[in-house]
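One-letter residues, chain by chain:
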Amino acid sequence: MNDKKLTHFDENGSAIMVDVSKKSSTIREAVASGKIIVNKIAYEAIKNGTVAKGDVLGVARIAGIMASKRTFEMIPLCHPLPISNCKIDFNLFPKNNTIEAVATVKVTGVTGVEMEALHAVSVALLTIYDMCKAIDKNMEIVDIHLDKKSGGKSGLFIRN
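Fair warning: this is a prediction, and the values are worked out from it, not measured in the lab.

**A short note on the pairing of strand β2 (residues 85-93)**
So, step 1. Sheet analysis places β2 next to strand β3 (residues 98-109), joined by nine bridges and oriented antiparallel. Bridge pairing in β3 links Asn91 to Glu100.
So, step 2. The turn joining β2 and β3, which pair antiparallel and follow one another in sequence, is formed by four residues; a positive phi near 50 degrees is taken by Asn97.

Structure representation (structure tokens):
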């Protein structure tokens, strides 16, 4: 059991924004990933760039980058961060018609970018869903998780 104190609550149990004003600025990076499982027709259309709405992975990449920069507007108590870099990559797995989105987000700041990476992946995958729902309404978004984070007081985390 982790006995670390939850930092988003005060002594009365009320939700608060964490005070990061006394923390040192460090280079921080987070990598998150997730997958979308689609049918064969949707997979081939995405891979071949023939989806009627346009370049699915290109639009999903831009959506993910935009999401990373606006995480504080969606997740209560997140700090607005000056994102230094956000990169969204896609890996295609034809054997099971799966597309993996991987977001790498960097910042030099006083708080980490885990939520920004997770938000970027989520929105990239939701964008794929939105652009392909006319082809496949049974798509499934799965396995969204933090893969790695570095920087800050807690140091390096790598998912098992």
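Still more to cover.
**A short note on the sheet that holds β2**
So, step 1. Taken together, the five strands give an open sheet; going across it, the order is β2-β3-β1-β4-β5, and neighbouring strands pair in antiparallel fashion. Only two strands of the sheet have a single neighbouring strand rather than two, namely β2 and β5 (157-158).
So, step 2. Running at roughly 145 degrees to β2, helix α2 (residues 56-69) makes contact with β2 and β3 of the sheet.
So, step 3. Taken strand by strand, helix α4 (residues 114-132) contacts β1 (26-37), β2, β3 and β4 (140-150), and its axis lies near 25 degrees from that of β1.

**Considering the side chain of Ser68**
So, step 1. Counting through the fold element by element, Ser68 comes out in helix α2.
So, step 2. A polar atom in the side chain of Ser68 sits 2.7 Å from the backbone oxygen of Ile65.

**Here we look at the environment of Ala30**
So, step 1. When you line up the elements, Ala30 lands in strand β1.
So, step 2. Judged by its relative accessible area of 0%, Ala30 is buried.
So, step 3. C-alpha separation for the pair Ala30 and Leu146, spaced 116 residues apart in sequence, amounts to 7.5 Å.
So, step 4. Contact partners of Ala30, with chain neighbours within four places excluded, come to Ala103, Thr104, Val105, Val113, Glu114, Ala117, Leu146, Lys148 and Lys149.

Rules behind the numbers
- Residues numbered from 1 in each chain as written.
- Predicted model: local features only at pLDDT ≥ 70, side-chain atom pairs only at ≥ 80, totals over all residues.
- Heavy atoms only, no water.
- Pairing = 2+ DSSP bridges.
- Helix = DSSP H or I, 4+ residues; strand = E, 2+ residues; numbered from the N terminus.
- Contact = heavy atoms within 4.5 Å.
- Axes fitted to C-alpha atoms, helices over the stretch in contact; angles between N-to-C directions.
- Polar contact = N/O pair within 3.5 Å; in protein donor to acceptor, adjacent residues only side chain to side chain.
- Buried < 20%, exposed > 50% of the residue type's maximum accessible area, 1.4 Å probe, protein only.

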